[in-house]
Amino acid sequence: MTGDDVRAAVDEAVALLARVPDPTAAVPVMGTDVAGVVWHTGECLHWYGHDLLMGRVDLTAGRYERDPAAGYGRLVTGLSTWGEVLARVLDAADPGERGFHPWGAPDPAGFAAMACAEVLVHTGDVAEVVGARWAPPSDVVEAVLARLFPQAPTDADPATTLRWATGRADLPGRPRPTSWSYAAAA
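A quick note: this is a predicted structure, and the numbers were derived from the prediction, not measured.

On to the nonpolar core. Membership of the largest hydrophobic core comes to 51 residues, with the highest contact counts inside it found for Leu 17 and Leu 148. The set of elements that each furnish at least two residues to this core consists of α1 (3-17), α2 (34-53), α3 (72-92), α4 (108-130), α5 (138-148) and α6 (158-165). With twelve residues, α4 is the largest single contributor of residues to this core. When sequence neighbours within four positions are dropped, the list of residues in contact with Leu 17 reads Val 38, Tyr 72, Val 76, Leu 79, Thr 123 and Val 126.

Taking 1.5 Å per residue as the helical rise, α4 with its 23 residues ought to reach 33 Å, and the 33 Å between its terminal C-alpha atoms agrees with that figure. Along α4, 20 of the 23 residues are buried, which leaves the element largely enclosed by surrounding structure.

Before going further, it helps to examine α6. In terms of residue burial, α6 counts as a mostly covered element, since six of its eight residues are buried. Every buried residue of α6 is accounted for by Pro 158, Thr 161, Leu 162, Arg 163, Trp 164 and Ala 165. Packed against the buried residues of α6 are α4 and α5. Positive backbone phi, approximately 75°, marks Gly 167, located one or two places after α6.

To continue, consider the packing of α4 against α5. Contact geometry for α4 and α5: axes closest at 9 Å, N-to-C directions at 120°. It follows that α4 is oblique to α5 by the angle criterion. Between α4 and α5 the crossing geometry is left-handed. Mapping the contact onto sequence places Ala 109, Gly 110, Ala 113, Met 114, Cys 116, Ala 117 and Leu 120 in α4 and Val 140, Val 141, Val 144, Arg 147 and Leu 148 in α5.

Together, Leu 53, Met 54 and Val 57 make up an exposed nonpolar region whose accessible area comes to about 290 Å². Summarising the element assignment, Val 57 is placed in the loop between α2 and α3.

Quick look at the packing of aromatic side chains now. Evaluation of the coordinates by the stated rule reveals six aromatic pairs. Between the aromatic rings of Tyr 48 and Phe 111, the centroid separation amounts to 5.8 Å while the plane-to-plane angle is 55°, which identifies the pairing as tilted. Of this pair, Tyr 48 sits in helix α2 while Phe 111 sits in helix α4, and the two are 63 residues apart along the sequence. Taking relative accessible area as the criterion, Phe 111 reaches 0% and is therefore assigned buried.

The rules behind these values
- Sequence positions are assigned chain by chain, starting from 1 and proceeding in written order.
- In keeping with the predicted nature of the model, local features appear solely for residues at pLDDT of at least 70, side-chain atom pairs appear and are counted solely at 80 or more, and the whole-chain, interface and lining totals rest on all residues.
- Heavy atoms throughout the structure, all of them, feed into the side-chain values; hydrogens and water do not.
- Only buried residues count toward a nonpolar core. Its members are Ala, Val, Leu, Ile, Met, Phe, Trp, Tyr and Cys residues joined through side-chain atoms within 4.5 Å.
- Burial classes follow relative accessibility: with a 1.4 Å probe on protein chains only, a residue under 20% of its type's maximum area counts as buried, one over 50% as exposed, and anything between as partly exposed.
- In this text, helices come from DSSP runs of H or I with a minimum length of four residues, and strands from runs of E with a minimum of two, each type numbered from the N-terminal end.
- Whether two residues are in contact is decided by their heavy atoms, any of which lying within 4.5 Å being enough.
- Every helix has an expected span of 1.5 Å times one less than the residues it contains.
- Axis lines are fitted through C-alpha atoms, for helices just across the contact stretch, and the angle between N-to-C directions can take any value from 0 to 180 degrees.
- An angle below 35 degrees is read as roughly parallel, one above 145 as roughly antiparallel, one from 65 to 115 as roughly perpendicular, and any other as oblique.
- Whether a crossing is left-handed or right-handed is set by the direction in which the near helix is turned from the far one by less than a right angle, anticlockwise for left-handed and clockwise for right-handed.
- Within the patch definition used here, like charges are joined within 9 Å and nonpolar side chains (Val, Leu, Ile, Met, Phe, Trp, Tyr) within 5 Å, considering only residues with over 30% relative accessible area and no salt bridge.
- The method behind every accessible area is Shrake-Rupley, applied with a 1.4 Å probe, and residues are considered shielded solely by the protein chains displayed.
- Salt bridges are defined as contacts in which a side-chain nitrogen from Lys or Arg sits within 4 Å of a carboxyl oxygen from Asp or Glu.
- Between 30 and 60 degrees the pair is tilted, below 30 it is stacked and above 60 it is edge-to-face, where a pair is any two Phe, Tyr or Trp rings, Trp via its six-membered ring, whose centres lie within 6.5 Å.

By themselves, these observations are geometric and do not establish any function.
Pasting the structure below:
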C-alpha cells in the first residue's frame, strides 16, 4: 500500500465527515463524539508519519493533544492535512524502512495499511451513528484486509469484512471477533 491509498481513503472520509450535521453526536464504540473520532483519526495519521520517520524508536511517551478551541472544521482539515503529510512520508520512504508500532515494526506499506484502516473503520463508525450512507473505496479496503487481516474471509463484502475484523459487524456463520490486532509488521 502507498501514499496514494492513504490519500484515497482520507479524501472519501473527509467528503463524508465534512457533511456531518452534529459533530457532538456520540460514537459509543469509540467512547467519544464525532469530533473526537475525527481528532483520533488525525492523531493516528500524525503518529504513523512520526513513527516511520523515526525508525524503531518508541515515541509513545510523547504527546499530541487536541486543541479544545478547535472547531469541527479545523479537525476535519487537520485529518486531511495529516493524511497528506503521512502520504508524503510514505512516498519518500524506502520500502525497506521500518518504524515503531506496539504490534511490530511495519514497513511503509504496513503504515499505509494501518492509516487506511483507521480512516475507513472510524469513518464507518461515524456513518453508522449519523445514519449516513458511505461506501469506502473497495480496492483500498481489499488491500487493507490483505495486509492487516490476512486470515479474514474473502467471500463477503470487503467493507463489512473490515468492520467484522475490527469487532464492529457480524458476518453470517462467523463469530464476531472480541479482540484483534493489525498484522502490520513486514
